[in-house]
Amino acid sequence: MAAPYDFDTVVDRRGTWCVQWDGVADRFGVDGLLPFTISDMDFATAPEVLAALRARLEHRVFGYTTWRQDDFRSAIAHWYATRYGTGIDTGQLVYGPSVLNQLSQLLRMWTAQGDGVVVHTPTYDGFRKAITGLGRELRGVPVGDRDALERELSRADAKVLVLCSPHNPTGRVWTAAELTRMAELSERYGVAVISDEIHADFVHEGHVHVPWPRVAEAGCWAVVTSASKAFNFPALTGSYGLIGDPGDRAEYLRRMETGEGLASPAVLSLTAHIAAYREGGAWLDAVRAYVAGNLAYVAERLGEALPELGWAPPQAGYLAWIDLRAAGVEDDEALQRVLVEREKVAIMGGAVYGAPGFVRLNVGCPRAKVVRGVEALVRAVEAVR
């Protein structure tokens, strides 16, 4: 019997205005590189999502639309109940054009110029740009450092903890105990929490994502997320969130719908979210299993060629966060020169996330491409070590 989904066949993304493929020169200065960069996948989205989009296109009218309708809200509630065993209050739902846009809006609400915003390091570069771009002070805490987290949250001008759950770029899945402690500390010191959970649907076997509402019984908090990461439709735009406090929720919506002029969402994004959450579970399970196989291949190959790294797959996601320092790689620039000029591949250097000596390799792609990327990385490390 044929497999229900095909992740090995290459979908040519060149010439489609694609950031990862067509925009590679913007970051790496050279066109035509084989990219393992921005956090989207090379796979076609779920057939169930495509079918829903085609049906919506057949309607042929694309007027202003609303997210305040039961089809959208109930699909999200269904997903949380069936995937995470979590009941949500759909009255807490809000909408936005993207997770980073929602993050920025919440930072404007809950902080002022110069206030401290705590993040875990290494840090997703989108967080860094949003926080510093708004004139807030980014306060880094190493992943897993409990004492440093409390020290930063206890500072008088610390106003927000921006939590990436699961964590990007490391792929760390926070345990219920870790999240509960973060919630307790945030409430104790009067720090709001913004939990970006866009990678939650890609948690691998043996690990469990705990949605922030499960631990946030009090305090000031918001979740920002989207189906676009797991189901690979970020170009449709669209995200959603949960805001605990009714007053904060009303203020967020007021700002989005008046100051930002974003009262009407993209209808195809709503369509895709509903189809993904109602019908796309089998596809997601299949693509996650395929990516787990890609990550296992990376671990096997690095174990053969660079055993000193001791690299193991992440707990979540399709981003392989690889510490190369044990192989003698400390200079990101030297490694990047070899990768770009000799190997003709684009792989994100750790310095982008504040961690020189690391790389972030996107393996959300057919296995044949992963093999090419890992072999190029091994050769580049051997050339600069």
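As the structure is a prediction and not an experimental result, all values here were calculated from the model. (Residues numbered from 1 in each chain as written. Predicted model: local features only at pLDDT ≥ 70, side-chain atom pairs only at ≥ 80, totals over all residues. Heavy atoms only, no water.)

Caption draft 1: Expanded view of the pattern of salt bridges. Here the structure, examined in full by the defined rule, presents 22 salt bridges. The partner of Arg181 in a salt bridge is Glu150, with the nearest N and O atoms 3.3 Å apart. On the criterion of sequence distance, the pair formed by Arg181 in helix H8 (residues 176–188) and Glu150 in helix H7 (residues 146–153) is long-range, its members being 31 residues apart. Take Glu150: its relative accessible area is 23%, and that puts it in the partly exposed class. When salt bridges that share partners are traced, they join Arg13, Asp40, Asp42 and Lys369 into one network. (Salt bridge = Lys/Arg side-chain N within 4 Å of Asp/Glu carboxyl O. Helix = DSSP H or I, 4+ residues; strand = E, 2+ residues; numbered from the N terminus. Buried < 20%, exposed > 50% of the residue type's maximum accessible area, 1.4 Å probe, protein only.)

Caption draft 2: Fine view of the packing of aromatic side chains. Under the criterion given, the structure shown has 17 aromatic pairs. Consider the rings of Trp79 and Phe231, whose centres lie 5.9 Å apart with planes at 65°: the pair is edge-to-face. A residue pair is termed long-range when its members are at least 10 positions apart, and Trp79 in helix H4 (residues 70–84) and Phe231 in helix H9 (residues 228–231) qualify at 152 residues. This pair shows no difference in class: Trp79 is buried, exactly as Phe231 is. Ring pairing ties together the aromatic residues Tyr5, Phe7, Phe43, Trp67, Phe72, Trp79, Tyr95, Phe231, Tyr240, Tyr277, Trp283 and Tyr290, which thus form one cluster. (Phe/Tyr/Trp six-rings, centres within 6.5 Å; stacked < 30°, edge-to-face > 60°.)

Caption draft 3: Layout of the packing of helix H13 (residues 332–342) against helix H14 (residues 367–384). With their axes 9 Å apart at the nearest point, H13 and H14 run at an angle of 130° to one another. Considered as vectors, H13 and H14 are oriented oblique to each other. Relative to H14, the crossing made by H13 is right-handed. Residues Ala334, Leu335, Val338, Leu339 and Arg342 of H13 lie in contact with H14, whose contacting residues are Ala376, Leu377, Ala380, Val381, Ala383 and Val384. Considered class by class, the residues forming the contact of H13 with H14 number 10 nonpolar, no polar and 1 charged. (Axes fitted to C-alpha atoms, helices over the stretch in contact; angles between N-to-C directions. Parallel < 35°, antiparallel > 145°, perpendicular 65-115°, else oblique. Left-handed = near helix turned anticlockwise from the far one by under 90°. Contact = heavy atoms within 4.5 Å. Nonpolar A, V, L, I, M, F, W, Y, C, P; charged D, E, K, R; others polar.)

Caption draft 4: Focus on the layout of surface pockets. Approximately 1400 Å³ is the volume found for the largest pocket. Forming the boundary of the largest pocket are 50 residues, of which Ile38, Ser39, Asp40, Pro234 and Ala235 lie nearest the centre. Mapped onto the lining of the largest pocket, the elements with two or more residues apiece are helix H1 (19–22), helix H2 (24–28), helix H3 (47–59), helix H5 (99–110), helix H6 (125–133) and H9. With 4 residues, the single largest contributor to the lining of the largest pocket is H2. Looking at the lining of the largest pocket residue by residue, the classes come out as 23 nonpolar, 16 polar and 11 charged. (1 Å grid on protein atoms, 1.4 Å probe; cavity = no way out; pocket = protein on both sides within 12 Å on 5 of 7 lines; lining within 4 Å. Points joined across faces, edges and corners; volume = space filled by probe spheres on them.)

Distances and angles like these do not, on their own, reveal function.
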